[in-house]
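Structural overview
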Amino acid sequence: MKPIAESCLRNQQPIAEVLSGVLNNVKAVLELGSGTGQHGVYLAQRFPHLTWQPSDLKECLPGMRQWWQDAALGNLCEPIELDVTSENWPTTLTYDAIFTANTLHFVSWRIAEALLVGAANILPLDGILCIYGPFNENGQYTGEGNRQFDQWLKARDPESGIKEIERVEDLLANFGLALKSRHQMPANNLMLVFQ
Ligand SMILES: C[S@@+](CC[C@H](N)C(=O)[O-])C[C@H]1O[C@@H](n2cnc3c(N)ncnc32)[C@H](O)[C@@H]1O
(Lines give C-alpha, C1' and ligand atoms only; values in the text may rest on other atoms or scores of the structure.)
Protein backbone atom coordinates (compact mmCIF):
# COMPACT_ATOMS: atom_id res chain seq x y z
CA MET A 1 0.00 0.00 0.00
CA LYS A 2 1.33 3.42 -0.96
CA PRO A 3 1.62 5.90 1.92
CA ILE A 4 -0.96 8.67 1.57
CA ALA A 5 -0.72 12.19 3.00
CA GLU A 6 -4.29 13.47 3.13
CA SER A 7 -3.03 17.07 3.24
CA CYS A 8 -1.42 16.60 -0.19
CA LEU A 9 -4.75 15.57 -1.65
CA ARG A 10 -6.30 18.76 -0.24
CA ASN A 11 -3.61 21.22 -1.23
CA GLN A 12 -2.14 19.86 -4.47
CA GLN A 13 -4.61 21.64 -6.75
CA PRO A 14 -4.26 25.11 -5.13
CA ILE A 15 -0.47 24.64 -5.16
CA ALA A 16 -0.55 23.77 -8.86
CA GLU A 17 -2.69 26.85 -9.61
CA VAL A 18 -0.07 29.13 -8.07
CA LEU A 19 2.88 27.30 -9.60
CA SER A 20 1.35 27.50 -13.07
CA GLY A 21 2.16 31.20 -13.02
CA VAL A 22 5.64 30.66 -11.61
CA LEU A 23 7.17 27.64 -13.35
CA ASN A 24 6.40 28.57 -16.99
CA ASN A 25 10.02 28.97 -18.01
CA VAL A 26 11.47 26.41 -15.63
CA LYS A 27 13.02 23.19 -16.97
CA ALA A 28 13.98 21.22 -13.86
CA VAL A 29 12.67 21.32 -10.29
CA LEU A 30 14.31 19.78 -7.24
CA GLU A 31 11.78 19.06 -4.49
CA LEU A 32 13.06 18.93 -0.90
CA GLY A 33 11.41 16.92 1.87
CA SER A 34 8.97 15.30 -0.57
CA GLY A 35 7.47 12.96 2.06
CA THR A 36 5.22 10.51 0.22
CA GLY A 37 6.17 12.05 -3.14
CA GLN A 38 2.55 12.81 -4.02
CA HIS A 39 3.24 16.45 -4.87
CA GLY A 40 5.84 15.38 -7.43
CA VAL A 41 3.44 12.96 -9.11
CA TYR A 42 0.65 15.53 -9.31
CA LEU A 43 2.85 18.42 -10.40
CA ALA A 44 4.89 16.42 -12.94
CA GLN A 45 1.59 15.37 -14.53
CA ARG A 46 0.30 18.92 -14.46
CA PHE A 47 3.52 20.45 -15.88
CA PRO A 48 4.81 18.07 -18.57
CA HIS A 49 7.31 20.68 -19.83
CA LEU A 50 9.51 20.25 -16.76
CA THR A 51 11.54 17.53 -15.08
CA TRP A 52 10.67 16.93 -11.42
CA GLN A 53 13.17 15.44 -8.95
CA PRO A 54 11.69 14.37 -5.57
CA SER A 55 13.99 13.88 -2.57
CA ASP A 56 13.84 13.22 1.16
CA LEU A 57 15.52 11.30 3.97
CA LYS A 58 16.39 7.65 3.31
CA GLU A 59 13.41 6.31 5.29
CA CYS A 60 10.97 8.03 2.91
CA LEU A 61 12.41 6.48 -0.25
CA PRO A 62 10.43 3.19 -0.27
CA GLY A 63 7.07 5.01 -0.12
CA MET A 64 8.11 7.63 -2.65
CA ARG A 65 9.33 4.92 -5.02
CA GLN A 66 5.89 3.31 -5.00
CA TRP A 67 4.28 6.58 -6.10
CA TRP A 68 7.00 7.11 -8.70
CA GLN A 69 6.67 3.59 -10.12
CA ASP A 70 2.85 3.67 -10.31
CA ALA A 71 2.87 7.10 -11.95
CA ALA A 72 5.33 5.99 -14.68
CA LEU A 73 5.80 9.55 -15.89
CA GLY A 74 8.65 10.36 -18.25
CA ASN A 75 9.33 13.69 -16.53
CA LEU A 76 9.29 12.41 -12.93
CA CYS A 77 12.72 11.24 -11.79
CA GLU A 78 13.32 8.36 -9.41
CA PRO A 79 13.31 9.83 -5.86
CA ILE A 80 16.72 10.41 -4.36
CA GLU A 81 18.02 10.50 -0.81
CA LEU A 82 18.79 14.04 0.26
CA ASP A 83 19.27 15.07 3.86
CA VAL A 84 19.40 18.85 3.60
CA THR A 85 21.95 19.00 6.45
CA SER A 86 24.41 16.87 4.48
CA GLU A 87 27.08 17.99 2.04
CA ASN A 88 25.70 15.65 -0.62
CA TRP A 89 23.36 17.85 -2.57
CA PRO A 90 22.75 16.59 -6.12
CA THR A 91 24.86 18.14 -8.81
CA THR A 92 24.05 15.98 -11.84
CA LEU A 93 21.23 18.20 -13.13
CA THR A 94 20.97 21.97 -13.04
CA TYR A 95 17.77 22.83 -11.23
CA ASP A 96 16.35 26.20 -12.11
CA ALA A 97 13.73 25.90 -9.37
CA ILE A 98 13.41 24.32 -5.95
CA PHE A 99 10.08 23.47 -4.34
CA THR A 100 9.38 22.44 -0.78
CA ALA A 101 6.06 21.95 1.00
CA ASN A 102 5.35 21.67 4.70
CA THR A 103 8.96 21.23 5.69
CA LEU A 104 10.21 24.37 7.48
CA HIS A 105 7.76 24.16 10.40
CA PHE A 106 8.31 20.41 10.72
CA VAL A 107 12.01 20.79 11.59
CA SER A 108 14.29 22.86 13.84
CA TRP A 109 15.66 26.22 12.69
CA ARG A 110 19.07 24.52 12.25
CA ILE A 111 17.59 22.11 9.67
CA ALA A 112 15.40 24.79 8.09
CA GLU A 113 18.49 26.99 7.73
CA ALA A 114 20.42 24.13 6.10
CA LEU A 115 17.54 23.66 3.65
CA LEU A 116 17.41 27.36 2.75
CA VAL A 117 21.17 27.83 2.47
CA GLY A 118 21.59 24.59 0.51
CA ALA A 119 18.80 25.60 -1.86
CA ALA A 120 20.27 29.07 -2.35
CA ASN A 121 23.69 27.57 -3.02
CA ILE A 122 22.65 25.23 -5.81
CA LEU A 123 20.21 27.55 -7.59
CA PRO A 124 21.62 29.38 -10.60
CA LEU A 125 21.31 33.14 -10.96
CA ASP A 126 17.58 33.87 -11.44
CA GLY A 127 16.70 30.50 -9.91
CA ILE A 128 13.35 30.22 -8.13
CA LEU A 129 12.65 28.91 -4.65
CA CYS A 130 9.00 28.10 -3.81
CA ILE A 131 8.13 27.40 -0.18
CA TYR A 132 4.67 26.25 0.83
CA GLY A 133 3.43 26.03 4.40
CA PRO A 134 2.34 27.99 7.47
CA PHE A 135 4.35 31.04 8.58
CA ASN A 136 4.21 33.54 11.41
CA GLU A 137 4.38 37.23 10.65
CA ASN A 138 5.28 40.18 12.92
CA GLY A 139 5.75 37.70 15.75
CA GLN A 140 2.14 36.54 15.46
CA TYR A 141 0.33 33.41 14.38
CA THR A 142 -1.78 34.09 11.31
CA GLY A 143 -4.73 32.19 12.76
CA GLU A 144 -5.97 30.12 15.67
CA GLY A 145 -5.49 26.91 13.65
CA ASN A 146 -1.79 27.69 13.22
CA ARG A 147 -1.38 28.43 16.94
CA GLN A 148 -2.80 25.02 17.81
CA PHE A 149 -0.75 23.36 15.09
CA ASP A 150 2.42 24.97 16.46
CA GLN A 151 1.67 23.62 19.94
CA TRP A 152 1.21 20.16 18.45
CA LEU A 153 4.50 20.45 16.53
CA LYS A 154 6.42 21.55 19.63
CA ALA A 155 4.95 18.77 21.78
CA ARG A 156 6.31 16.33 19.19
CA ASP A 157 9.68 18.10 18.77
CA PRO A 158 10.37 21.18 20.93
CA GLU A 159 12.86 22.49 18.36
CA SER A 160 10.34 22.43 15.53
CA GLY A 161 7.58 24.95 14.94
CA ILE A 162 6.20 27.54 12.56
CA LYS A 163 8.91 29.89 11.32
CA GLU A 164 8.84 33.68 10.94
CA ILE A 165 8.59 34.91 7.35
CA GLU A 166 10.97 37.75 8.22
CA ARG A 167 13.65 35.33 9.45
CA VAL A 168 13.41 33.29 6.25
CA GLU A 169 13.51 36.46 4.13
CA ASP A 170 16.52 37.86 5.99
CA LEU A 171 18.47 34.64 5.63
CA LEU A 172 17.73 34.28 1.91
CA ALA A 173 18.56 37.95 1.29
CA ASN A 174 22.16 37.12 2.27
CA PHE A 175 22.24 34.83 -0.79
CA GLY A 176 20.64 37.29 -3.19
CA LEU A 177 17.17 35.72 -3.05
CA ALA A 178 14.30 38.19 -2.64
CA LEU A 179 10.63 37.53 -2.03
CA LYS A 180 9.04 38.06 -5.47
CA SER A 181 5.50 37.05 -4.60
CA ARG A 182 3.44 35.59 -1.81
CA HIS A 183 0.17 33.78 -2.23
CA GLN A 184 -2.48 33.16 0.39
CA MET A 185 -3.37 29.48 0.37
CA PRO A 186 -6.14 27.47 2.06
CA ALA A 187 -5.99 26.84 5.83
CA ASN A 188 -3.75 29.84 6.57
CA ASN A 189 -0.84 28.54 4.53
CA LEU A 190 1.29 30.63 2.22
CA MET A 191 3.27 30.03 -0.93
CA LEU A 192 6.40 32.18 -0.87
CA VAL A 193 8.24 32.61 -4.16
CA PHE A 194 11.85 33.82 -3.94
CA GLN A 195 14.13 34.61 -6.84
C1 LIG B 1 5.44 17.31 7.09
S2 LIG B 1 6.43 16.39 6.02
C3 LIG B 1 6.02 17.12 4.45
C4 LIG B 1 6.08 16.13 3.34
C5 LIG B 1 5.59 16.63 1.98
N6 LIG B 1 6.42 17.68 1.46
C7 LIG B 1 4.16 17.09 2.05
O8 LIG B 1 3.88 18.26 1.80
O9 LIG B 1 3.29 16.24 2.33
C10 LIG B 1 8.07 17.01 6.32
C11 LIG B 1 9.14 16.28 5.53
O12 LIG B 1 10.43 16.86 5.83
C13 LIG B 1 11.36 15.81 5.75
N14 LIG B 1 12.62 16.14 6.42
C15 LIG B 1 12.84 16.27 7.74
N16 LIG B 1 14.14 16.50 7.98
C17 LIG B 1 14.76 16.52 6.77
C18 LIG B 1 16.10 16.68 6.35
N19 LIG B 1 17.10 16.87 7.23
N20 LIG B 1 16.38 16.64 5.03
C21 LIG B 1 15.39 16.44 4.13
N22 LIG B 1 14.10 16.27 4.47
C23 LIG B 1 13.78 16.29 5.77
C24 LIG B 1 10.64 14.65 6.43
O25 LIG B 1 11.24 13.42 6.13
C26 LIG B 1 9.23 14.80 5.88
O27 LIG B 1 9.02 14.04 4.72
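Placed above this text is the structure.
The following paragraphs examine the structure supplied in this document. (Residues numbered from 1 in each chain as written. Predicted model: local features only at pLDDT ≥ 70, side-chain atom pairs only at ≥ 80, totals over all residues. Heavy atoms only, no water.)

Notes on helix H4 (residues 109-122)
Relative to the 20 Å expected for 14 residues at 1.5 Å per residue, H4 spans 20 Å between its end C-alpha atoms, a close match to the ideal helical length. Every buried residue of H4 is listed here: Trp109, Ala112, Leu115, Leu116, Gly118, Ala119 and Ala120. Looking at the buried positions of H4, the neighbouring elements they touch are strand S1 (28-32), strand S5 (97-101), strand S6 (128-133), strand S8 (163-164) and helix H6 (165-173). (Helix = DSSP H or I, 4+ residues; strand = E, 2+ residues; numbered from the N terminus. Expected span 1.5 Å × (residues − 1). Buried < 20%, exposed > 50% of the residue type's maximum accessible area, 1.4 Å probe, protein only. Contact = heavy atoms within 4.5 Å.)

Description of the site of the ligand
In the vicinity of the ligand lie 17 residues, with Gly33, Asp56, Asp83, Val84 and Ala101 positioned nearest. At 2.9 Å from a nitrogen atom of the ligand is found a main-chain nitrogen or oxygen belonging to valine 84. For the ligand, the accessible surface in isolation is 590 Å², of which the surrounding protein chains cover 86%. Across the shell around the ligand, the residue classes tally to nine nonpolar, six polar and two charged. (Near = heavy atom within 4 Å. Polar contact = N/O pair within 3.5 Å; in protein donor to acceptor, adjacent residues only side chain to side chain. Areas by Shrake-Rupley, 256 points an atom, 1.4 Å probe, with all protein chains shown as cover. Nonpolar A, V, L, I, M, F, W, Y, C, P; charged D, E, K, R; others polar.)

A look at the packing of aromatic side chains
All told, the structure shown has two aromatic pairs when counted by the stated rule. Aromatic pair phenylalanine 149 and tryptophan 152: ring centres 6.0 Å apart, planes at 10 degrees, arrangement stacked. Here phenylalanine 149 pairs with tryptophan 152, and both are found in helix H5 (residues 144-156), just three residues apart, close to one helical turn. Judged by relative accessible area, phenylalanine 149 falls into the partly exposed class, the value being 29%. One residue, arginine 156, lies across the ring of phenylalanine 106, its end atom 4.2 Å from the ring centre. (Phe/Tyr/Trp six-rings, centres within 6.5 Å; stacked < 30°, edge-to-face > 60°. Lys NZ or Arg CZ within 6 Å of the ring centre and 35° of its normal.)

Describing the nonpolar core
Judged by nonpolar contacts, the single largest core of 28 residues is most densely connected at Leu32, Leu116, Leu129, Ile131, Val168 and Leu172. When residues of this core are traced back to their parent elements, those giving at least two are S1, H4, S6, H6 and strand S10 (189-194). The biggest single contributor to this core is H4, with six residues. Dropping the residues within four chain positions of it, leucine 116 is found in contact with Leu104, Trp109, Leu129, Ile131, Val168, Leu171 and Leu172. Formed by 26 residues, the second largest nonpolar core is a distinct cluster that contains Val41, Trp52, Trp67 and Ala97. (Core = buried A, V, L, I, M, F, W, Y, C linked by side-chain atoms within 4.5 Å.)

Section: the sheet that holds S5
Across the sheet, which stays open at both edges, the six strands sit in the order S2-S1-S5-S6-S10-S9 with mixed pairing between neighbours. Each edge of the open sheet carries a strand with a single partner, namely strand S2 (51-53) and strand S9 (179-185). Taking the axes of each pair of neighbouring strands and ignoring which way they run, one obtains an average angle of 15 degrees across the sheet. Pairing of S6 with S10 involves five bridges; the strand directions are antiparallel. Within S10, the residue paired with isoleucine 131 across the bridge is leucine 192. On top of the sheet, H6 reaches S6, S9 and S10; it is set at about 15 degrees to S10, its chief contact. (Pairing = 2+ DSSP bridges. Axes fitted to C-alpha atoms, helices over the stretch in contact; angles between N-to-C directions.)

Some details on the pairing of S5
Of all five residues in S5, five are buried; the element is thus mostly enclosed. Side chains Ala97, Phe99 and Ala101 of S5 all project onto a buried face; the interleaved residues Ile98 and Thr100 project onto the opposite face, where all are buried too. In this structure, S1 lies alongside S5, joined through four bridges in parallel fashion. When the bridges of S5 are listed, leucine 30 appears paired with isoleucine 98. Bridge count between S5 and S6: five bridges; the pairing is parallel. Its bridge partner lying in S6, alanine 101 is registered against tyrosine 132. Regarding topology, H4 serves as the crossover connection from S5 to the parallel S6, and that connection is right-handed. (Right-handed = clockwise from strand over helix to strand, strands pointing away.)

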